Each structure stands twice: as structure tokens, then as C-alpha cells.
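# What the coordinates show
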Amino acid sequence: MGASNKMAVDVLLGLQWGDEGKGKIVDVLAPKYQVVARFQGGPNAGHTLEFDGFKHVLHQIPSGIFRSEVQNIIGNGVVLDPIIFKKEIDGLAKYNLNILENLEISKKASIILPTHRLLDAAYEKAKGDAKIGSTLKGIGPTYTDKISRQGLRVGDMISPNFKAKYDKLVNTHKGILDVYKFEYDLAAAEAEFFEAVEFMKKFNLVDSEYVVNQALTDNKTILAEGAQGSLLDVDFGSYPFVTSSNTVTAGACTGLGVAPKNIGEVYGIFKAYATRVGSGPFPTELMDEVGERMRQEGREFGSTTGRPRRCGWIDLPALKYAMMINGVTQLVMMKADVLNIFEEIHVCTAYQLPDGTISEQLPYDMTDTIVTPVYETLKGWHCSLEGLRKFEELPTELSAYIAFLEEKLELPINFISTGPDRDECVLRGKLA
Ligand code: GDP
Ligand code: IMO
Ligand code: MG
């Protein structure tokens, strides 16, 4: 598997609740691509890459950045925090990358202001027990301002009226914060913000829709990198416990300016089990010692917030739903090695609804409609996967697990990840 035919943008995205391992796979696939572009989300994302003994977490910068020949683009669908951007660039200094050359930022990307972060915190606090469990990076309030047509965009930074536009929006925000009786001190963050804005002006601020479409015309290979996961999508996720963007394939069209006919392969990334961070329904969640073992073995603590991730068995109705919405053409299964420790592996194949009926569909609202997972049990492989690189070398029970999933999902799983490092991949066939 590798870059699809010419004149197409391939899309790589998460099929669960985020943190599937997207960053690793973008990094692994990046040498096959000339362009890697983020299309939505912002610093709520934490994409981990491990190679040569380094571990690095990216938040807003595309995961192709460590491949010097790749052109990286932050698309118009992204919400960008200049302060975090500056910190990320500073954090990359030790790798000697040519980021000023290799990174382009859409002028139409939205800017996260310090007051967006305050609003995020104010809204969450007001929700009390019903809080979303937001990463508090200001994502929701920034997308809200974009949709209500009052947000600031990267292109505004170079306008002589930037400060006036900023002040106008911040005054609106201050009014809301007062209503919420939210106390804050903005001075330090504001100074840092304007310093970061100056810093950002050194970068290539572009009309990225032209850049991407020109790359298509030039027959360049392009990979669109998703953030979050399909079950956090604002339309199709477990609303209201979602993020504020379209995380699904369609989001790559609007978040980069790519016509639907130009979408090529869609890589659906999923863990061999399931995790979720933040609030919201999670039918297969394990609140017991098994869940705790999964969390420890999988190092399931948030890449952005450090919060413990909730863990559970794989959920096929949810996975099939995500595949349907995204039009997945390639499946990539991550973290198979985390299940090494279990004697038995459980797979949720359907839900039992409150009235007793069995269904393979997701109900309208999983918060109100409590479903009970129906499980099938498979034997665990109970051995290390270290050093394995070929499908034929996999333990029999893992091959059986894969075959079981492939039959239920009706698509082959040609790529299995068996550890965090760039090299820890098992491929069926070749990556070409
Ligand atoms: P992303 O947000 O989808 O990019 O995923 P994150 O980086 O938030 O979380 C994935 C975590 O799992 C990171 O710590 C990765 O280093 C790690 N990881 C990725 N693939 C594997 C794998 O196959 N096995 C194990 N054990 N860890 C993995
Ligand atoms: P990556 O790209 C996992 C979750 C938050 C919260 C909800 C809304 O690393 O997979 P937000 O800050 O977006 O308003 O939070 O979405 N969330 C993620 N969970 N991985 C992510 O990104 C996430 N980004 C947001 O925990 O429940
Ligand atoms: Mg993550």
C-alpha cells in the first residue's frame, strides 16, 4: 500500500475517538508522498512520532515534518494557536529541519486567541458534571466564531487593521466572560500572543487551496492528515461529546479545498482495542482491572493533556459506522502488541438495546440510549510481537483475530502496527 493514483488526495484519519496512532502512520507513509496537509482540528491534537530513540508529539504541525523532502501544509480547516505554534517550532529546533521552507500555512486558517481558551474553560466550568472534557485549547469557541462569521484568520495577521479586529473580538469575548462571572488575567497571554503573531509572519502564509490544487495538477502525491477521530466528529460523533470540526473524509474537502472527485485512498486507522479521553458514551469501556492493565500496557495517557485514557474492547458497530461515513479503502490496525498480555480477547459485534433487541447500528443518542455490548471471545496470542515484520510470522491467534475482524469489516487489514517506533510495522505485501 502507498500513494494512490495521480490526481488524488489520499486521506488518513482515525476511526475511533482519537489517539489511534495517526501520527505514527503519517510519518511511516510520508516518504511515499510529496505533500502532507492537516485539514481540521488544532492544538487539541497530539500526534506522537517515535524514531531513532526520539519521541516527539506534534499538535498543529503536520506529521510529515520530519521528512525533509515533504511539503507540509496547515489547511484552512485548521484552528491555529500562534503561541502553541511558536512553542512547537522552538521544540523542533534540535532536529535541524528546514521548517521555514517545508511548511506552508493557509491564510484562511482560523486563529485561536487567548480569550478563546478562557471561553472554553468558562463554558466547561458552567457545564459542571455535564462537561465535554475539552482539552481547553479553545477549539470550540474558535470554530464558533468562524461559523458565526466573526473570527480572525491567519491572513488577517498581515492586515494593518489586525489589532483593531483583535480588540473588537476580544471585547465581545470579555462581555461573555463577564456574564459567566469568569475571572481571568489576560495581560501575560496577550503579550505572548502578539509576539507569536510576529513570529508567524516569517512563515509562508499562502492560499493553500491553490497550493493543493496546483500540486494535484502537477501530479504530486498528497496525504491529508486527520486529527481526532470519526466518533468525535461534530455531525456523526457522540454529540454533544465531540470536538467542533468534521473529522471525517468530507472534512478534508472543506478543510483543504479539494473536490470530492479528487479524493483517492482513505486510510482508516484503528486500535486493536478502544480508548476515549474526555466525557461521553463508550459502550465497551472496561472500568475494571482489565481496563487498567490495558491503560498501563498501552501507555494510555493523553499526548496533549496527560489525562488517563478510558480503555475497552474493540467496538465493531462503531468501527463499521466510521468506515461507512468515511468511505475507508485501507484499514490500519494499531497497538496489536498491547493485547499480548491477555489470555482472551473480546470483540463487540453488536449492541443489545434497552428493549432487548440486538442491533448492529449506532442508536441516535448513546448517552440516553444505554446499549449493552454483545461480545464474541477469541483466544489471545500471549507472546511478544517484537521484531516481527511479515504477516506470515504473526502468531496464529493474532492471525485469527485479524481474519475475524476482516470478515466482519469486509475489508482487508494490510497494515498492523506492533509498537510505537517507525519501524514496528507488519505489512501484508509491500508499502509501494
Ligand atoms: P494520534 O493522536 O492518533 O497520532 O495518536 P497518539 O500519538 O495520541 O497516541 C498513540 C500512542 O500510541 C502514542 O504514544 C504512540 O507512540 C503509541 N503507538 C503508536 N503505535 C503503536 C503501536 O503499534 N504499539 C504501541 N504499543 N504503541 C503505539
Ligand atoms: P488526536 O488528534 C483524543 C476530545 C477531548 C474531548 C473532546 C472535545 O490526538 O487524536 P476539544 O478540545 O476538541 O473541544 O475536546 O474531544 N479530543 C481528543 N481525544 N484525541 C484527540 O486528538 C482529541 N482532540 C479532542 O478529550 O473529549
Ligand atoms: Mg493523539
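Presented here is a report on the structure given in the accompanying data block. (Residues numbered from 1 in each chain as written. Chains lettered and ligands numbered in written order. Predicted model: local features only at pLDDT ≥ 70, side-chain atom pairs only at ≥ 80, totals over all residues. Heavy atoms only, no water.)

## Considering the environment of D233
The criterion, for reference: By the criteria applied, helices consist of DSSP H or I runs no shorter than four residues and strands consist of E runs no shorter than two, each listed in order from the N terminus. The contact rule is simple, with two residues in contact once any of their heavy atoms fall within 4.5 Å. Here a polar contact is taken to be a pair of N or O atoms separated by no more than 3.5 Å, where protein atoms must pair a possible hydrogen donor with a possible acceptor and residues adjacent in sequence count only if both atoms sit in side chains.
With respect to the secondary-structure elements, D233 resides in the loop between β10 (222-225) and α9 (249-256). Taking the C-alpha atoms as reference points, D233 and K86, separated by 147 residues in sequence, lie 27 Å from one another. In contact with D233, other than residues within four places in its own chain, are V242, S245, N246, T247 and V248. A distance of 2.8 Å separates a polar side-chain atom of D233 from the backbone nitrogen of T247.

## Some remarks on the site of ligand 2
To keep it simple, the criterion reads: We call a residue near a molecule or strand whenever a single non-hydrogen atom of that residue lies within 4 Å of it. For the area figures, the Shrake-Rupley method with a 1.4 Å probe applies, and any residue is considered shielded solely by the protein chains shown. All residues other than Ala, Val, Leu, Ile, Met, Phe, Trp, Tyr, Cys, Pro, Asp, Glu, Lys and Arg, Gly among them, are scored as polar; the first ten of these are nonpolar and the last four charged.
Of all residues adjacent to ligand 2, which total 21 residues, the nearest are D19, K22, H47, T135 and T243. Between ligand 2 and the protein, one listed contact pairs an oxygen atom with a backbone N or O atom of I132 at 3.5 Å. Between ligand 2 and Q228 there is a distance of 2.8 Å, counted from an oxygen atom to a backbone nitrogen or oxygen. Computed on the free molecule, ligand 2 has an accessible area of 550 Å², of which 97% lies beneath the protein chains in the complex. Split into classes, the residues belonging to the shell around ligand 2 amount to eight nonpolar, ten polar and three charged.

## Description of the pairing of strand β2 (residues 35-38)
We count it as follows: Burial status follows relative accessibility: with a 1.4 Å probe on protein chains alone, a residue under 20% of its type maximum counts as buried, one over 50% as exposed, and anything between as partly exposed. Here, any two strands with at least 2 DSSP bridges between them count as paired.
Alternating residues of β2 divide into V35 and A37 and V36 and R38, and every residue in both groups is buried. Examined bridge by bridge, β2 and strand β5 (residues 71-74) share four bridges and lie parallel to one another. Residue pairing in the sheet places V35 in a bridge with Q71 of β5. As paired strands, β2 and β10 are joined by four bridges and run parallel to one another. In the strand pairing of β10, V35 is matched with I222.

## Section: helix α4 (residues 114-127)
Here is the rule: Here a helix's expected span is defined as the number of its residues, less one, multiplied by 1.5 Å.
In this model α4 runs 21 Å from its N-terminal to its C-terminal C-alpha over 14 residues, within 8% of the 20 Å that 1.5 Å per residue would give. Taken together, the buried positions of α4 are P114, T115, H116, L118, L119, D120, A122 and E124. Those residues of α4 hidden inside the fold are in contact with β8 (110-111), α5 (139-147), α6 (162-179) and α7 (187-200). Count one or two residues on from α4 and you reach G128, which has phi positive near 60 degrees.

## Here we look at the coordination of the magnesium ion (ligand 3)
Definition in use: Here the coordinating atoms are restricted to nitrogen, oxygen and sulfur within 2.8 Å of the metal centre, or 3.2 Å for Na, K and Ca, and because water is not among them the sites may look incomplete.
The protein atoms that coordinate the magnesium ion (ligand 3) are D19 (OD) and G46 (O), at distances of 2.1 to 2.2 Å. With D19 in the loop between β1 (9-14) and α1 (22-29) and G46 in the loop between β2 and β3 (47-51), this pair connects stretches of sequence that are 27 residues apart. By relative accessible area, G46 is classed as buried at 11%.

## Quick notes on the site of ligand 1
In the neighbourhood of ligand 1, 20 residues make up the surrounding shell, with G21, K22, T48, D337 and S417 lying closest. Within the backbone of G46, one N or O atom sits 2.8 Å away from an oxygen atom of ligand 1. Contacts to ligand 1 include E50, whose side-chain N or O atom sits 3.5 Å from an oxygen atom. In the complex, the protein chains occlude 95% of the 590 Å² of accessible area that ligand 1 would expose alone. Sorting the residues of the shell around ligand 1 by element identifies α1 and β3 as the ones contributing at least two each. The residue makeup of the shell around ligand 1, split by class, is three nonpolar, nine polar and eight charged.

## Considering the nonpolar core
What counts, and what does not: Each nonpolar core is a collection of buried residues, namely Ala, Val, Leu, Ile, Met, Phe, Trp, Tyr and Cys, held together in the definition by side-chain atoms within 4.5 Å.
One finds M333, L339, Y401 and L405 to be the most contacted residues of the largest nonpolar core, which totals 58 residues. With six residues, the single largest contributor to this core is helix α12 (residues 396-409). Contacts of L339, omitting those with residues within four sequence positions, involve A272, Y273, M294, W313, I345, W381 and Y401. Counting residues in each nonpolar core, the second largest holds 40 residues, with I61, A122, L177 and F182 among its members.

## Points about the sheet that holds strand β7 (residues 103-106)
How we decide: Angles run from 0 to 180 degrees between N-to-C directions of axes, and those axes are lines fitted to C-alpha atoms, restricted for helices to the stretch in contact.
Spatially, β9-β7-β5-β2-β10-β1-β11-β15-β19-β20 is the arrangement adopted by the ten strands of the open sheet, whose pairing is mixed. Where the open sheet ends on each side, the last strands, each with one partner, are β9 (204-206) and β20 (425-427). Between one strand and the next, the sheet's axes are offset by a mean angle of 25 degrees, whatever the strand orientation. The sheet contact formed by strand β19 (residues 413-417) and β20 spans three bridges and is antiparallel. By the bridge assignment for β20, F415 is matched with L427.

The values are spatial; any link to function lies outside them.
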